[in-house]
Amino acid sequence: MTAFTFASNPYDAPSTTTGSGWNPGSWQEHPAAQQPQWPDTAALDIVIQHLALLPPLVSAAESARLRAALGAAALGNGFLLQAGDCAESTGSFHTDAVHDKVKVIHQMSTVLALGSGLPVVRVGRIAGQMAKPRSNPVESVEGPSGPLLLPSYRGEMVNGNAPTAEARRPEPTRLLYAYYRSAASLNLLRMFTAGGFATLDEIHAWNRELITASAAEPRHAALLDDMDEVLRHLASRAGDRPGAPEHHGFDFFTSHEALILPYEQALTRCNHSRSSWHDASAHMVWIGERTRQLDGAHIEFAAGIDNPVGVKIGPAMESEELLALCHRLDPTRDPGRLTLITRMGASDIRGALSPLVRAVRDAGYPVLWVCDPMHGNTIAGSDGLKTRRFDDIVDELRGFIEVHRAAGTHPGGLHLELTGEDVTECLGGTTSEVLWGNLPDRYETACDPRLNRSQALELAFVAAELLREEGRSSAGPARARSRESGASMYHGAATQLTGVTTGADWVDETLLSGSSDDVCLVLDHEIDRATLRRAVRDCEALLTQAGLKAGGTAALQLPPSLAYVVHLLAVWRLGVQAVLLDHRLTVPETDRALLTTAPQLLVSTTKAGGALHGFHQVDVNLTPYPGRPAETGHLLLQLSSGTAGPSKVIGRTATSLTAELGRYAQIDGMPGPGGRLIALSSLTHTYGLLGGLLHSLHNNVRFTLPARTTPTGVMDTVLAHPSPTLLMGVPAQFTLLGSVAEPPRMPQLVQAMSGGGRTCPEVADAFADRFNAPLGECYGMTETGVIATDMSGAMRPATGWAAPGMRIRVDEGELLIATAESPYLSDHIGDHPTGRWANGWLRTRDAGEINDITGLITVRGRLDSQVSVRGLKVDLSEVEDTLTALPGVREAVVLYGDGINAYVEVEGATTLDGIKEALGRQLADFKLPRRWYVMPQLPRTATGKPLHDHKALRAAAQRNGYTR
């Protein structure tokens, strides 16, 4: 193989990405299978150098978005549909062919999404799938004068399919043909998908029409009915608002087998923002079964690019080899990086796949498992035509799901060869059955047989039904146990960080990258990225002078301010573990927090404005504290709110924080580049810090703090700039805003999001009515960050859908969250075990449920809110919410102890008799509190949340006087 010099390549960069001298051409030092024997290597060199100067076909940012979506699927919250031609030929590129392929893939994805309740990632074998590996270098073909032995057809990228020696000669200029054909196809794809291919209703109508007209309709009638119900839910959520989800475009990514390595090398570009290499020929590439040798050129090439990478796995694969392959391609165990595409055959899938799945699970690699039920089921008829039986394809898919069900792992996708046309290449199917005698009718494939559109759609229905059965079975005790035993597949992934020295790279690449003149912060003035970077560097110097160094610990106790942002980023850039303490803590609370976390430096202030200030101008004090260096690899330590007992110390790694930023970036309604986010909530806690400040820095969003958080101050801030704006706050703040009688028209306010507690529907309706913007709901925990959202707010009392990448299940009425490791620095509080995390699952202590069909999550309140009164179930959260909504009631806490107890904070002349009368009109008698404590002010945490602790509440009642 000749070497390619790239002497004039403007995309050259140092080859230091992997630490082992990898560069786009280092594959040439390894044996390269399935490469054509190019007769004219000089012509090949010229073509490769020309390709290296052409623009990339896809961007690194697009591939990163796909990688994040695949990561969510790998963690159980998604499903990959990867489909398209076996090998794209001349007929594959005209507009109708591309349109029909996108249409059938979109139809299938709708069936899979609505039927299984999982988000579906659409990836086409398109815009680059023009090369094929072959079992033999030569093949016998029927020529004009009889059989001929010719070089095998290897795809339009290499040679022609005509049965002549001239056509079968590998021609380097075909690589340029492949590039320009791919660019044209991508242009069509973007045109089809950017403006919305069709509404969900239209897609569903196409599916219903096709399935209902077939003999398969009775098998799928129940699923079709359930999908109708889901669409009604979505319609009520989205309405007819401009910009509702069905009016948007949708993501459609491209992929192909990275077979012809000179082509892939020529299109590999340096992603300077991440100091990595990106194969710009497609969003995702895969390595085939014939080219996945550990010491081979294809694995060497795939190991160095940052695209998501797939590998085809056949029945001969051994567990040891597979683990070595996982380590080679995904050494940092990053969900979304590696997809394993199994192609076993219906007869081998159950026996061959099971040990591989269990080995990968037990080794802790968070791969995405995908089933290719096509390639292992190829047969040939008496006339030599290759075909596949539809029943064999279904059986392999069923076996794939059975294996994962038994192992407690997630069957994460389908990889199919299909077309949007009515070809006759695969046998069977019930919509328009293809028989042996029909194969020649429309046998048009350039290589392997493909499913036609009706067979493909029927397979989507079968897959959705199997996945729905798999999801339902997960609710049972046996399934829960297998999930728990298998959850350790992710345990250890976050512990790859051995220290906090990754902080500088993490800050620079994740938070501070971007154009220097982009405005990133707005307080009393605009601050661009260049100014912020300088301030962070200056702050680093001061912290260093104070004795802080890499591996150390620093506690930050600052109000929302420029000083807070700068010191947090500077601490992280130094490689120091940051401990965040709320500036509203009392002196005894601060002393206890410092004693628990033991930082080496306290960054604080002695001056802050009033409670209604959105940001503060502060003087910072750097005070040495007799603490200790970081003992873990966490970048961030936080304290839980302590509403129901002592605070717990919670750690977050760079991996954990980056994953949460990826989740926020995928939530519809969160602002993107050029947008604006106004934060009313605390920046010390996860919701405001990750969803507000860090999301904004990461996504080039104008992060804005109002001068005052009064309704007038907030509205003035919204009106101060025309950018599309998201308003982020807590329920109490939206209650105040919703009470504004006649707010000014604010067209830039397009979305609001409430977190930190449940928002009652009346408050949300009042806000939406006043401001003509939806008030979404965000549910999360300090331990995990965002868990579920409904940005439309229309699904209340349901909380929303799982955030991308979050795996959630219900165990005896309690919501559990899959996490790679315990978020707690100690499994004990004092002498008592927390009992919150085990075997990869975190117990939320929240009662809730998940709808099997829609995937909607409903949080019912605290787990201890479910009590029995005279044999009847009472939800204390319902009592508390109803009580809080009564006129004259500012806040209420409802607990159970020798009956239902209500602690109520009232305003004005509100009386207990009036409260009892009003509550009695709304709740049944057995739900009414037995004991009442009407107090001038409920005891609260330093962060302003009412305590939910009997002892503290009763002590406060005795001190302050109460009505009982």
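Quick caveat, the model's predicted, so the values are computed rather than measured.

Some remarks on the packing of helix 1 (residues 41–52) against helix 4 (residues 173–194)
Right, on to step 1. Closest axis-to-axis distance for the helix 1/helix 4 pair is 8 Å, and the angle between their directions is 25°. Considering the angle they form, helix 1 stands roughly parallel to helix 4. Counting all contacts with helix 1, which are made through Leu 44, Val 47, Ile 48, His 50 and Leu 51, the residues of helix 4 involved are Thr 173, Leu 175, Leu 176, Tyr 179 and Tyr 180.
Right, on to step 2. Looking at the contact of helix 1 with helix 4 residue by residue, the classes come out as eight nonpolar, two polar and no charged.

Digging into helix 14 (residues 503–511)
Right, on to step 1. Buried residues of helix 14: Gly 503, Ala 504, Trp 506, Val 507, Thr 510 and Leu 511, and no others.
Right, on to step 2. Against helix 15 (529–545), helix 16 (562–573), helix 18 (654–666) and helix 19 (686–698) lie the buried residues of helix 14.

Structural notes on the packing of aromatic side chains
Right, on to step 1. One pass over the structure, following the stated rule, counts eight aromatic pairs.
Right, on to step 2. The interplanar angle of 85° and the centroid separation of 6.4 Å between the aromatic rings of Phe 93 and Tyr 177 together place this pair among those described as edge-to-face. Taken as a pair, Phe 93 in the loop between strand 1 (79–84) and helix 3 (95–116) and Tyr 177 in helix 4 lie far apart in primary sequence, 84 residues in all.
Right, on to step 3. Ring centres of Phe 734 and Phe 767 lie 5.2 Å apart, and the angle between their planes is 80°; this geometry places the pair in the edge-to-face category. Placement of Phe 734 in helix 21 (residues 731–738) and of Phe 767 in helix 22 (residues 761–771) is noted, with a sequence separation of 33 residues between them.
Right, on to step 4. By relative accessible area, which is 0% here, Phe 734 ends up buried.
Right, on to step 5. Look at Phe 767 and you get buried, because its relative accessible area is 0%.
Right, on to step 6. The rings of Trp 22, Trp 277 and Phe 301 are connected pair by pair, giving a single aromatic cluster.

Topic: helix 19
Right, on to step 1. With 13 residues, helix 19 extends just 15 Å between its outermost C-alpha atoms, more than 12% less than the 18 Å of an ideal straight helix rising 1.5 Å per residue.
Right, on to step 2. Counting buried residues in helix 19 gives 12 out of 13 residues, a clear majority hidden from the surface.
Right, on to step 3. Where helix 19 is concerned, the buried positions are Thr 686, Tyr 687, Gly 688, Leu 689, Leu 690, Gly 691, Gly 692, Leu 693, Leu 694, His 695, Ser 696 and Leu 697.
Right, on to step 4. Following helix 19 by one or two positions, Asn 700 has its phi on the positive side, about 55°.

A closer look at the sheet that holds strand 39 (residues 889–896)
Strand pairs in the sheet, formed through backbone hydrogen bonds, run parallel or antiparallel to each other.
Right, on to step 1. On the basis of which strands lie adjacent, the open sheet formed by three strands has the order 39-40-41 and mixed pairing. Because the sheet does not close on itself, it has two edges, and the strands there are strand 39 and strand 41 (931–935). Taken over all neighbouring pairs, the strand axes of this sheet differ in orientation by 15° on average, direction set aside.
Right, on to step 2. As paired strands, strand 39 and strand 40 (residues 900–906) are joined by seven bridges and run antiparallel to one another. By the bridge assignment for strand 40, Tyr 896 is matched with Ile 900.
Right, on to step 3. Its contacts with the sheet put helix 23 (residues 876–884) on strand 39, strand 40 and strand 41, and the angle it makes with strand 39 is roughly 160°.

Quick notes on the pairing of strand 22 (residues 649–652)
Right, on to step 1. Of the two faces of strand 22, both are covered, the one formed by Val 649 and Gly 651 as well as the one formed by Ile 650 and Arg 652.
Right, on to step 2. As judged from the four bridges shared by strand 21 (residues 636–639) and strand 22, these two strands associate in the antiparallel manner. Bridging across to strand 22, Leu 639 finds its partner in Val 649.

Some words on the pattern of salt bridges
Two side chains bearing opposite charge may form a pair once their charged atoms approach each other closely.
Right, on to step 1. Across all of its chains, the model carries 40 salt bridges by this definition.
Right, on to step 2. With a shortest N-O distance of 3.1 Å, Arg 65 and Asp 251 are connected by a salt bridge. On the criterion of sequence distance, the pair formed by Arg 65 in helix 2 (residues 60–74) and Asp 251 in the loop between helix 6 (217–238) and strand 5 (253–257) is long-range, its members being 186 residues apart.
Right, on to step 3. Take Arg 65: its relative accessible area is 39%, and that puts it in the partly exposed class.
Right, on to step 4. Salt-bridge contacts for Asp 362 lead to Arg 361; the nearest nitrogen and oxygen are separated by 2.9 Å.

Concerning the packing of helix 9 (residues 319–329) against helix 10 (residues 349–363)
Right, on to step 1. Contact geometry for helix 9 and helix 10: axes closest at 9 Å, N-to-C directions at 45°. It follows that helix 9 is oblique to helix 10 by the angle criterion. Crossing handedness for the pair helix 9 and helix 10: right-handed. Residues Ser 319, Leu 322, Leu 323 and Cys 326 of helix 9 form the contact with helix 10, whose own contacting residues are Pro 355, Leu 356, Ala 359, Val 360 and Ala 363.

Some details on the sheet that holds strand 18 (residues 577–580)
Right, on to step 1. Strands sit in the order 20-19-17-18-21-22 across an open sheet of six strands; the sheet is mixed. Both outer strands of the open sheet, strand 20 (621–624) and strand 22, are each paired with one neighbouring strand and no more. Between one strand axis and the next, the sheet turns through 25° on average, direction left out of account.
Right, on to step 2. Of the strand pairs in this sheet, strand 19 (residues 601–604) and strand 20 are connected by four bridges, and their pairing is antiparallel. What sits directly across from Val 603, in strand 20, is Leu 622.
Right, on to step 3. Packing against the sheet, helix 16 makes contact with strand 17 (553–557), strand 18, strand 19, strand 20 and strand 21, and its axis sits at approximately 145° to strand 18.

A short note on the side chain of His 256
Right, on to step 1. Along the chain, the position of His 256 falls in strand 5.
Right, on to step 2. There is a polar contact of 2.8 Å between the side chain of His 256 and the side chain of Glu 264.
Right, on to step 3. Contacts of His 256, omitting those with residues within four sequence positions, involve Ala 127, Gly 128, Gln 129, Glu 264, Ser 281, Ala 282, Met 284, Val 285 and Trp 286.

Brief notes about the pairing of strand 25 (residues 725–729)
Right, on to step 1. Here strand 25 lies mainly inside the structure; five of its five residues are buried.
Right, on to step 2. The alternating pattern of strand 25 places Thr 725, Leu 727 and Gly 729 and Leu 726 and Met 728 on opposite faces, both of which are buried.
Right, on to step 3. By the bridge criterion, four bridges tie strand 23 (residues 676–679) to strand 25 in an arrangement that is parallel. Bridging from a neighbouring strand, Leu 677 pairs with Leu 726 of strand 25.
Right, on to step 4. Of the pairings in the sheet, the one linking strand 25 to strand 26 (residues 749–754) comprises five bridges and is parallel in character. Along strand 26, the bridge assignment pairs Leu 726 with Gln 751.
Right, on to step 5. In this fold, the crossover linking strand 25 to strand 26 by way of helix 21 has right-handed handedness.

Looking at the environment of Arg 628
Right, on to step 1. Tracing the backbone through its elements, the reader meets Arg 628 in the loop between strand 20 and strand 21.
Right, on to step 2. A sequence separation of 74 residues divides Arg 628 from Ala 554, and the C-alpha atoms of the two residues are 9.7 Å apart.
Right, on to step 3. Once residues within four sequence positions are removed from consideration, Arg 628 is found in contact with Thr 553, Thr 596, Thr 597, Ala 598, Pro 599 and Gln 600.

Focus on unusual backbone geometry
Right, on to step 1. Note that the residue after Arg 796, namely Pro 797, is joined by a cis bond; omega there is 15°.
Right, on to step 2. By the secondary structure assignment, Pro 797 is in the loop between strand 28 (785–790) and strand 29 (801–802).
Right, on to step 3. Of note, the phi angle at Gln 34 is positive, near 60°, even though the residue is not glycine.
Right, on to step 4. Mapping Gln 34 onto the fold places it in the segment before helix 1.
Right, on to step 5. A positive phi angle is found at Asn 839, which is not glycine, with a value near 55°.
Right, on to step 6. Structurally, Asn 839 is set in the loop between strand 34 (837–838) and strand 35 (841–850).

Points about the side chain of Asp 846
Right, on to step 1. Position of Asp 846 relative to the elements: it lies in strand 35.
Right, on to step 2. A polar side-chain atom of Asp 846 sits 2.6 Å from a polar atom in the side chain of Tyr 779.
Right, on to step 3. Apart from the residues lying within four places of it in its own chain, the contact partners of Asp 846 are Tyr 779, Gly 813, Glu 814, Leu 815, Val 859, Gly 861, Arg 862 and Leu 863.

Thresholds, definitions, all that
Residues numbered from 1 in each chain as written. Predicted model: local features only at pLDDT ≥ 70, side-chain atom pairs only at ≥ 80, totals over all residues. Heavy atoms only, no water. Axes fitted to C-alpha atoms, helices over the stretch in contact; angles between N-to-C directions. Helix = DSSP H or I, 4+ residues; strand = E, 2+ residues; numbered from the N terminus. Parallel < 35°, antiparallel > 145°, perpendicular 65-115°, else oblique. Contact = heavy atoms within 4.5 Å. Nonpolar A, V, L, I, M, F, W, Y, C, P; charged D, E, K, R; others polar. Buried < 20%, exposed > 50% of the residue type's maximum accessible area, 1.4 Å probe, protein only. Phe/Tyr/Trp six-rings, centres within 6.5 Å; stacked < 30°, edge-to-face > 60°. Expected span 1.5 Å × (residues − 1). Pairing = 2+ DSSP bridges. Salt bridge = Lys/Arg side-chain N within 4 Å of Asp/Glu carboxyl O. Left-handed = near helix turned anticlockwise from the far one by under 90°. Polar contact = N/O pair within 3.5 Å; in protein donor to acceptor, adjacent residues only side chain to side chain. Right-handed = clockwise from strand over helix to strand, strands pointing away.

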